[in-house]
Amino acid sequence: MYSKSKTFSKGAIDVLPLMIPVVPFGIIFGAIGIELGFGPYLTYATSIIIFSGASQIVMLQLLSAGASSLVAITSSSVISTRHLLYGAVVSQHLNQLSIYWKIVLSYLLTDQAFAVSNEYFKKNANNIFKHYHLVGSGFTLWFIWQLTTVIGIVLGSIVPDELGLTFTIPLTFLALLVNFLRNINHLVVITLSGISSLIFFDAPFKSYIIISSIIALVGAAILIKLKK
Amino acid sequence: MSIWFSIIFAGLINYLTRLGSILIIKPKKMNHMTKQVLNYVPSAVFPAIIFPAVFLNQEGSLVEINDPKVIAIFIAFSIGILSKNLIITILSGLISFWIIIFLL
């Protein structure tokens with residue numbers, strides 16, 4: 001039997017391994033905000049208002065480097081456009097919910113929460129409380145991100161550079177793909193996206209992520225057509 | 001004040017990118033092909049975050065093939081295929097990265 005609390009807990013547990021990179025990344029972000037001179041309130045506010053690590057770092061780095069607000073906002077927003085794709089995927093599972101639920105769940109729709117909850121949605125389509133999985137995964141991530149941002153703000157760079165913990169970010173995203181690595185079509189799409197991101201890395205406003213994603217999805221559509 | 005405005009504005013746009021398609025898209029109107037393509041979203045988005053972080057240095061140039069990050073990501077990739085386990089994949093990559101940079 002499914003229940004709200006069990007589904008919530010499952011979401012929280014499923015996302016826990018992904019906290020390995022989130023903890024150092026949050027601390028590093030908090031420390032960077034202070035180092036760049038934004039002060040504790042502004043640095044923390046980005047974690048609660050933007051709540052997206054990559055967008056936050058780019059935003060503060062650009063502003064501190066003297067970029068105009070327009071450039072900083074545009075770059076941070078372009079990085080976030082990948083969420084449009086996540087929303088399109090989960091909308092298939094959340095369509096029955098009220099607008100209030102959609103408003104809350106959207107705030108919690110991060111990369112990690114999307115990855116683990118989407119897998120759960122696919123396997124548990126008949127659970128009427130399945131959206132609680134996204135609440136569990138999203139809230140856990142939100143809580144740890146807020147907490148570690150504050151730790152970074154208060155304690156500074158307590159994460160030694162020598163440990164190379166920023167490497168855990170690509171590692172996590174690789175780990176989120178483990179279920180697809182044995183499928184040749186997915187491997188082609190992964191390679192296409194990866195190579196495109198290297199080619200388009202210098203595209204304006206950090207648009208390489210969305211450009212590569214679209215190229216890879218077009219590739220996926222071609223592969224599906226060819227298989228028919 | 002303009003910095004606060006920028007952050008609030010960026011936050012709003014960021015939030016709208018998350019809410020937008022959940023609110024607008026009607027899955028019943030989505031054709032089979034679109035649903036199939038959407039299955040590839042993780043495989044289309046995540047590599048665009050992985051590859052530059054592994055294969056490019058801070059200046060944006062390609063790193064050497066024997067760079068610790070490249071070797072470690074290939075080890076994690078291989079272990080990921082074999083184990084299909086998220087936590088084992090992360091730990092195998094991190095531990096092999098540390099072995100390469102600290103011990104070799």
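Cut-offs applied
Residues numbered from 1 in each chain as written. Chains lettered and ligands numbered in written order. Predicted model: local features only at pLDDT ≥ 70, side-chain atom pairs only at ≥ 80, totals over all residues. Helix = DSSP H or I, 4+ residues; strand = E, 2+ residues; numbered from the N terminus. Rg over C-alpha atoms; globule rule 2.2 N^0.38 Å. Buried ≥ 20, exposed ≤ 12 C-beta atoms within 10 Å, placed from the backbone. Contact = placed C-beta atoms within 7 Å. pLDDT = per-residue confidence, 0-100. Axes fitted to C-alpha atoms, helices over the stretch in contact; angles between N-to-C directions. Parallel < 35°, antiparallel > 145°, perpendicular 65-115°, else oblique. Left-handed = near helix turned anticlockwise from the far one by under 90°. Nonpolar A, V, L, I, M, F, W, Y, C, P; charged D, E, K, R; others polar. Core = buried A, V, L, I, M, F, W, Y, C linked by C-beta atoms within 7 Å. Domains from an automatic or database assignment.

(A) How the structure looks around the overall build of chain B. When its secondary structure is counted, chain B shows five helices and zero strands. Ordered by position from N to C terminus, the α and β elements of chain B give α-α-α-α-α. For 104 residues, the compact-globule formula gives about 13 Å, and the C-alpha radius of gyration of chain B, at 20 Å, lies well above that figure. Each principal axis of the C-alpha atoms in chain B carries an extent, and together these give about 55 × 45 × 25 Å. Across the 104 residues that make up chain B, the buried fraction comes to 39%. Here the contacts in chain B between residues at least 6 apart in sequence split such that 25% fall between residues at least 24 apart.

(B) Spotlight on the environment of lysine 228 of chain A. Residues and elements named next belong to chain A. Position of lysine 228 relative to the elements: it lies in the segment after helix H12 (208-227). Under the C-beta neighbour-count criterion, lysine 228 is labelled exposed, with 5 such atoms within 10 Å. Residues lysine 228 and leucine 187, spaced 41 residues apart in sequence, show a C-alpha to C-alpha distance of 19 Å.

(C) The arrangement of the confidence of the model for chain B in detail. For chain B, the average pLDDT comes to 92, and 99% of its residues sit at 70 or higher. Confidence metrics for the complex model read pTM 0.89 and ipTM 0.92.

(D) Focus on unusual backbone geometry. Unusually for a residue other than glycine, phenylalanine 205 of chain A sits at a positive phi of about 55°. Relative to the elements of secondary structure, phenylalanine 205 of chain A occurs in the loop between helix H11 (184-199) and H12. Look at phenylalanine 205 of chain A and you get partly exposed, because 17 C-beta atoms sit within 10 Å. Positive phi is not limited to glycine here, since lysine 84 of chain B has a value of about 50°. Counting through the fold element by element, lysine 84 of chain B comes out in the loop between helix H4 (68-83) and helix H5 (86-103).

(E) Geometry of the packing of H11 of chain A against H12 of chain A. Residues and elements named next belong to chain A. Following both chains from N to C, one finds H11 and H12 inclined at 150°, their axes separated by 8 Å at the closest point. Our classification of the angle between H11 and H12 gives roughly antiparallel. As for the relative orientation of H11 and H12, their crossing is right-handed in sense. Of H12, the residues touching H11 (which contributes Asn185, Val188, Val189, Leu192, Ser193, Ser196 and Ser197) are Tyr208, Ile209, Ile211, Ser212, Ser213, Ile215, Ala216, Gly219, Ala220 and Leu223. Across the contact of H11 with H12, the residue classes break down as ten nonpolar, seven polar and no charged.

(F) Spotlight on the nonpolar core. By size, the foremost hydrophobic cluster in this structure holds 90 residues, and its most contacted members are Met59, Ala113 and Leu174 of chain A together with Val41 and Ala44 of chain B. The element best represented in this core is helix H3 (residues 41-55) of chain B, accounting for ten residues. With near-sequence residues (within four places) excluded, leucine 174 of chain A lies in contact with Ile50, Ile73, Ala76, Phe77, Gly80 and Thr89 of chain B.

(G) Seen up close, the domain arrangement of chain A. All names here are of chain A. According to the domain assignment, chain A consists of domain 1 (4-161) and domain 2 (177-228). A separation of 23 Å is found between the C-alpha centroids of domain 1 and domain 2. At the junction of the two partners, domain 1 supplies nine residues and domain 2 supplies seven residues. Put simply, the parts of the chain that give the side of domain 1 that touches domain 2 at least two residues each are helix H5 (69-80) and helix H6 (82-94). Here the residues of the side of domain 1 that touches domain 2 are counted per class, giving four nonpolar, three polar and two charged.

(H) Spatial organisation of the domain arrangement of chain B. Taken domain by domain, chain B holds domain 1 (1-29) and domain 2 (40-103). Taking the mean C-alpha position of each, domain 1 of chain B and domain 2 of chain B sit 31 Å from one another.

(I) Region of interest: helix H10 (residues 168-175) of chain A. Here H10 of chain A lies mainly inside the structure; eight of its eight residues are buried. What H10 of chain A keeps buried is the set Thr168, Ile169, Pro170, Leu171, Thr172, Phe173, Leu174 and Ala175 of chain A. Along its buried surface, H10 of chain A packs onto helix H2 (19-35) of chain A together with H3, H4 and H5 of chain B.

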